[in-house]
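Here is how the chains run, residue by residue.
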Amino acid sequence: MPPSTLIIRADASIAIATGHVMRCLALAQGWQDAGGNAVFAMAESTPAIDARLLSEGMEIVRLQALPNSVQDARDVSALACDRDAAWVVVDGYRFDSEYQRNLRNAGLKLLFVDDLGQCELYYADVVLDQNAHASDRMYANRESYTRLLLGPRYAMLRREFQTWREWRREIPAIGRKLLVTMGGSDPDNFTLRLIETLSRISIPDLKITVVAGGSNPQLAELQRTAAELGLPIHLVSNPSNMPELMAHSDIAIICAGGTLWELLYMGCATLSYFRTATQGQIVAELDAVGAVSSMGSVDDFEQNRLARALEEMIACQDCREKMAQMGRELVDGRGISRVLDYVLPGSLNRPELSMIPIELNEREDFLEMAQQHFRELNPMFTPAEDWKNSYFENITRNPRRSLRWIVSDGQHVGFILFGVEEHRFLPRLTGAIYEVHVIPEERRKGFARACAKQIIDELWKASPSKIQLEVVEGNAAAAELWRSLGFQKVTERFVLAEKTR
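Now for a description of the structure that goes with this document.

**Remarks on the sheet that holds strand S14 (residues 353–357)**
Turning to step 1, where the next piece is worked out: With mixed pairing, the 5 strands of this open sheet are ordered in space as S14-S15-S16-S17-S18. In this open sheet, the two edge strands, each paired with only one partner strand, are S14 and strand S18 (466–469). Neighbour-to-neighbour, the strand axes of this sheet turn through a mean angle of 30°, independent of strand direction.
Turning to step 2, where the next piece is worked out: On the sheet, helix H13 (residues 363–377) packs against strand S15 (401–408), strand S16 (411–422) and strand S17 (429–438) and is oriented at approximately 90° with respect to S17.

Structural data, given as structure tokens:
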């Protein structure tokens with residue numbers, strides 16, 4: 001079966017929020033990690049968004065029809081049929097009930113990403129609303145089959161944020177590192193007004209990083225203004241290290257959007273403006289629980305109010321600490337995995353999958369597959385006599401190790417080896433995943449991810465202090481799979497294969 005495809009219908013331009021595309025990019029990355037392909041079907045975009053999608057290995061297909069029209073739905077349906085797509089994802093405020101119905105009537109599985117609950121009726125198979133105010137009541141008018149994924153636990157963060165899951169912020173007594181970012185486009189050039197305001201605020205040793213998104217047309221003006229004002233500003237255009245910039249900042253000034261969820265995850269104290277009523281509701285909900293501080297609408301911007309709020313936040317270590325704690329409680333970074341849990345099981349047309357113990361009388365079948373596995377990892381691999389005689393036996397004799405076939409439609413499509421072991425020096429147990437192998441013709445179907453998640457859950461039941469594994473140098477696909485499941489690289493292993501003088 002060819003790799004499954006995900007069609008994403010979202011747009012981005014100077015006038016349309018790029019956040020829709022960026023959160024869909026996070027979902028597309030997760031889909032890739034599970035072995036699928038992602039195609040972005042777009043009527044509007046920007047050069048920066050296109051470049052980002054292409055750099056991530058995404059395909060872009062241009063649509064000519066008016067967004068949300070019947071022809072738009074027909075074009076998306078035709079594209080999904082041509083690519084044998086498993087699901088279509090729709091994200092954007094212009095797409096209504098009729099658009100959903102047209103896609104569903106074309107026989108497509110539909111995930112509808114929403115913030116408003118404004119559609120008259122929801123026809124989608126799954127509706128995702130990651131906002132704190134999301135509730136069943138907002139989506140009461142839905143089909144009986146429609147599944148709701150509601151709340152920040154489903155916040156979709158891009159791959160680069162996953163490596164920061166175990167990182168914890170240190171809260172200084174005085175927060176002097178300030179981050180200013182207005183999203184990808186900043187259509188009203190609000191960044192400029194903030195820079196001009198900061199020049200009038202007297203805060204000793206303040207360090208300011210200003211981010212201009214890739215679709216921001218005002219970069220030259222921002223650079224000129226920063227130079228003229230002589231502020232201690234580090235101006236960054238379309239950075240690739242946003243998590244790092246957030247981690248190194250004590251306070252952020254933003255205008256809602258997708259950046260809001262990223263900052264919550266990174267535990268950065270946030271002063272948030274908003275441009276729309278929907279954004280205002282989102283920010284108000286988060287302000288009510290102490291996760292962010294609402295600064296009101298950009299249309300009601302007051303320099304004195306910003307100055308007071310910033311000075312208070314800089315001095316209040318306790319405020320920043322509470323925001324950091326609340327932010328990570330709301331957004332734990334596992335949103336993509338939770339979304340995929342609902343769409344992957346039926347989406348990849350995956351046959352029934354199971355894992356069963358490898359029996360002693362299956363020794364030769366296992367060793368044959370194991371040799372193929374190790375030759376893939378190292379083309380020079382030749383099984384030595386001790387490997388032939390002892391490898392299988394030593395595994396099966398150890399009650400703390402589990403060796404299982406990965407079975408699909410009654411056929412052995414791979415194997416998995418895992419277990420628990422004593423800590424070398426301490427009275428602790430360590431979970432270990434030794435090998436995960438899926439035969440080449442059965443890859444990119446989500447088998448490895450499904451089995452990995454199951455054995456991770458099984459290992460935690462043994463109460464180990466941690467779970468660890470090794471990835472062969474250069475195996476990028478395996479590294480991305482484990483990162484997407486929460487693993488972090490903590491060391492490099494060096495091997496001396498033969499005696500040297």
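**A closer look at the environment of Leu149**
Turning to step 1, where the next piece is worked out: The residue Leu149 is located in strand S7 (residues 147–150) in this model.
Turning to step 2, where the next piece is worked out: According to the relative accessible area criterion, Leu149 is buried, its value standing at 0%.
Turning to step 3, where the next piece is worked out: Separated by 190 residues in the primary sequence, Leu149 and Val339 have C-alpha atoms spaced 7.6 Å apart.
Turning to step 4, where the next piece is worked out: If we skip the residues at most four places from it in the chain, Leu149 touches Val126, Val127, Leu128, Asp129, Tyr154, Val339 and Tyr342.

**Section: the environment of Gly431**
Turning to step 1, where the next piece is worked out: With respect to the helices, strands and loops of the structure, Gly431 is situated in strand S17.
Turning to step 2, where the next piece is worked out: C-alpha of Gly431 to C-alpha of Ile416: the two residues are 15 residues apart in sequence and 14 Å apart in space.
Turning to step 3, where the next piece is worked out: Beyond its immediate chain neighbours, meaning those up to four positions away, Gly431 contacts Gly419, Val420, Leu459, Pro464, Lys466, Ile467 and Gln468.

**Description of the packing of aromatic side chains**
Turning to step 1, where the next piece is worked out: Inspection of the entire model under this criterion finds 17 aromatic pairs.
Turning to step 2, where the next piece is worked out: Ring geometry for Tyr122 against Tyr139: centres 4.9 Å apart, planes inclined by 75°, an arrangement best described as edge-to-face. One end of the pair, Tyr122, is in the loop between strand S5 (110–113) and strand S6 (126–129); the other, Tyr139, is in the loop between S6 and S7, and 17 residues separate them in sequence. Per residue, the accessibility class of Tyr122 equals that of Tyr139, and both read buried.
Turning to step 3, where the next piece is worked out: Chaining the aromatic ring pairs together yields one cluster made of Phe366, Phe374, Phe381, Trp387, Tyr391, Phe392 and Phe415.

**Brief notes about the nonpolar core**
Turning to step 1, where the next piece is worked out: One finds Phe366, Tyr391, Leu403, Phe415, Ile433 and Trp482 to be the most contacted residues of the largest nonpolar core, which totals 37 residues.
Turning to step 2, where the next piece is worked out: Looking at this core, the elements with two or more residues in it are H13, helix H14 (385–397), S15, S16, S17, helix H15 (447–460) and helix H16 (476–484).
Turning to step 3, where the next piece is worked out: Apart from residues no more than four positions distant in its own chain, Phe415 is found in contact with Ile358, Phe366, Met369, Ala370, His373, Leu403, Arg404, Trp405, Ile406, Glu435, Val436 and His437.
Turning to step 4, where the next piece is worked out: By size, the runner-up hydrophobic cluster in this structure holds 34 residues, among which are Leu192, Ala226, Ile251 and Met323.

**A few points about the sheet that holds strand S12 (residues 269–274)**
Turning to step 1, where the next piece is worked out: Read from one edge of the open sheet, 6 strands run S10-S9-S8-S11-S12-S13, paired in parallel fashion. A strand with exactly one partner marks an edge of an open sheet, and here the two such strands are strand S10 (233–237) and strand S13 (293–297). Recorded for the sheet is a direction-independent mean angle of 15° between the axes of neighbouring strands.
Turning to step 2, where the next piece is worked out: Its contacts with the sheet place helix H9 (residues 277–288) against strand S11 (251–255), S12 and S13, and it is angled at close to 150° to S12.

Analysis parameters
Residues numbered from 1 in each chain as written. Predicted model: local features only at pLDDT ≥ 70, side-chain atom pairs only at ≥ 80, totals over all residues. Heavy atoms only, no water. Pairing = 2+ DSSP bridges. Helix = DSSP H or I, 4+ residues; strand = E, 2+ residues; numbered from the N terminus. Axes fitted to C-alpha atoms, helices over the stretch in contact; angles between N-to-C directions. Contact = heavy atoms within 4.5 Å. Buried < 20%, exposed > 50% of the residue type's maximum accessible area, 1.4 Å probe, protein only. Phe/Tyr/Trp six-rings, centres within 6.5 Å; stacked < 30°, edge-to-face > 60°. Core = buried A, V, L, I, M, F, W, Y, C linked by side-chain atoms within 4.5 Å.

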